[in-house]
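Listed below are the residues making up each chain.
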Amino acid sequence: DTAVSQTPKYLVTQMGNDKSIKCEQNLGHDTMYWYKQDSKKFLKIMFSYNNKELIINETVPNRFSPKSPDKAHLNLHINSLELGDSAVYFCASSQMGTSFYGYTFGSGTRLTVV
Amino acid sequence: AQRVTQPEKLLSVFKGAPVELKCNYSYSGSPELFWYVQYSRQRLQLLLRHISRESIKGFTADLNKGETSFHLKKPFAQEEDSAMYYCALKITGGGNKLTFGTGTQLKVEL
């Protein structure tokens, strides 16, 4: 029973398209995150939601819009995809506050923009 | 701003040799440090937290506040240790944001 699941695992699309990546966690965590891993394997946080409220919003183009319908789900919608958006996107979840033990990551979505 | 530095992009050792993956951080407050491991094309997995002072898969890491370091060590490398290792820093009041280093690829050769 996967703790943090992302769909799709692979996504190949053309420049200019709009696409969404979905993430769900069944750990009962109250905080979820999106990280981007670029071609050099560098990991950078994009967004974080705590109980459906946006708490971290790093310098990310407006074309990226996260949505959290409930605390178990965090989706990422990307408009007008560009070649530079090609990367692996990782979803993660954790508990906030004194119960923080680190993140549990999903298996990643490999996005290729052609 | 806080920062995590992993000076080695690639570390190659022979099986049975000791391993030390370096991690330095910059943060003036009280940090929480973590090591994550990513096996080939898999998800990142938590390996160690400095708070719990545990040993996982033979790896240990000690927080040295004087040197602002959290190096990962293992006395005898195994082939299955080959992976990407990330050091990560959590600061107080940062909304649980983890700042990751650039990662070190460990290759254990036979």
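1. Digging into the pattern of salt bridges
Where charged atoms from two side chains of opposite charge approach closely, those side chains can pair.
Residues and elements named next belong to chain B.
Right, so step 1: Following the criterion strictly, the structure yields eight salt bridges over all chains and no others.
Right, so step 2: In this structure, the salt-bridge partner of glutamate 20 is lysine 73, at a minimum N-O distance of 3.7 Å. You can see glutamate 20 sitting in strand E3 (residues 19–21) and its partner lysine 73 sitting in strand E8 (residues 72–74), a full 53 residues away along the chain.
Right, so step 3: Given a relative accessible area of 29%, glutamate 20 falls into the partly exposed group.
Right, so step 4: Relative accessible area serves as the criterion here: at 42%, lysine 73 is assigned to the partly exposed category.
Right, so step 5: Across the salt bridge formed by lysine 90 and glutamate 32, the nearest N and O atoms sit 3.5 Å from each other. Of the two residues, lysine 90 is situated in strand E9 (residues 83–90) and glutamate 32 in strand E5 (residues 32–38); the sequence distance between them amounts to 58 residues. Across the pair, exposure class does not vary: lysine 90 and glutamate 32 are buried alike.

2. Some details on the side chain of A:Asp30
Right, so step 1: Position of A:Asp30 relative to the elements: it lies in the loop between strand E3 (19–25) and strand E4 (31–37).
Right, so step 2: When near neighbours in sequence (up to four residues on either side) are disregarded, A:Asp30 contacts A:Tyr49, A:Asn50, A:Asn51, A:Lys71, A:Ser94, A:Gln95 and A:Met96.

3. Topic: the packing of aromatic side chains
Right, so step 1: What the rule picks out here adds up to 12 aromatic pairs over all chains.
Right, so step 2: Measuring from ring centre to ring centre gives 5.6 Å for A:Phe105 and B:Tyr36, while their planes differ by 85 degrees; the resulting arrangement is edge-to-face. Taken together, the residues A:Phe105 in strand E10 (residues 104–105) and B:Tyr36 in strand E5 connect one chain to another. Like B:Tyr36, A:Phe105 is buried.
Right, so step 3: For the pair B:Tyr86 and B:Phe100, a centre-to-centre distance of 6.2 Å together with 90 degrees between the ring planes defines the contact as edge-to-face. In this pair, B:Tyr86 sits in strand E9 while B:Phe100 sits in strand E10 (residues 98–100), placing the two residues 14 residues apart along the sequence. A single burial state applies to B:Tyr86 and to B:Phe100, both of which are buried.

4. A closer look at the state of the cysteines
Residues and elements named next belong to chain A.
Right, so step 1: For the structure on display, the rule yields two disulfides over all chains.
Right, so step 2: Here cysteine 23 engages in a disulfide with cysteine 91; their sulfurs sit 1.9 Å apart. Between cysteine 23 and cysteine 91 the disulfide shows an S-S torsion of about -80 degrees. By sign, it is left-handed. On the criterion of sequence distance, the pair formed by cysteine 23 in strand E3 and cysteine 91 in strand E9 (residues 87–94) is long-range, its members being 68 residues apart. Each member of the pair cysteine 23 and cysteine 91 is classed as buried.

5. Observations concerning the interface of chain A and chain B
Right, so step 1: Opposite the 25 residues of chain A that make contact, chain B presents 21 residues.
Right, so step 2: When the two sides are added together, the surface that chain A and chain B hide from each other amounts to roughly 1900 Å², 55% of it contributed by carbon and sulfur.
Right, so step 3: Seen at the junction of chain A and chain B, the total is one salt bridge.
Right, so step 4: Of the charged contacts in the structure, one is a salt bridge between A:Glu58 and B:Lys97, with a shortest N-O distance of 3.3 Å.
Right, so step 5: At the boundary of chain A with chain B, the tally comes to 11 residue pairs in polar contact (both at pLDDT 80 or more).
Right, so step 6: Of all the elements in the fold, those that place two or more residues in the side of chain A that touches chain B are E4, strand E5 (43–50), strand E6 (53–57) and E9 of chain A.
Right, so step 7: At three residues, E4(A) tops the list of elements feeding residues into the side of chain A that touches chain B.
Right, so step 8: Within the side of chain A that touches chain B, the residues separate by chemical class into 14 nonpolar, eight polar and three charged.

Conventions adopted
Residues numbered from 1 in each chain as written. Chains lettered and ligands numbered in written order. Predicted model: local features only at pLDDT ≥ 70, side-chain atom pairs only at ≥ 80, totals over all residues. Heavy atoms only, no water. Salt bridge = Lys/Arg side-chain N within 4 Å of Asp/Glu carboxyl O. Helix = DSSP H or I, 4+ residues; strand = E, 2+ residues; numbered from the N terminus. Buried < 20%, exposed > 50% of the residue type's maximum accessible area, 1.4 Å probe, protein only. Contact = heavy atoms within 4.5 Å. Phe/Tyr/Trp six-rings, centres within 6.5 Å; stacked < 30°, edge-to-face > 60°. Disulfide = S-S within 2.5 Å. Buried area = accessible area lost by both parts, 1.4 Å probe. Polar contact = N/O pair within 3.5 Å; in protein donor to acceptor, adjacent residues only side chain to side chain. Nonpolar A, V, L, I, M, F, W, Y, C, P; charged D, E, K, R; others polar.

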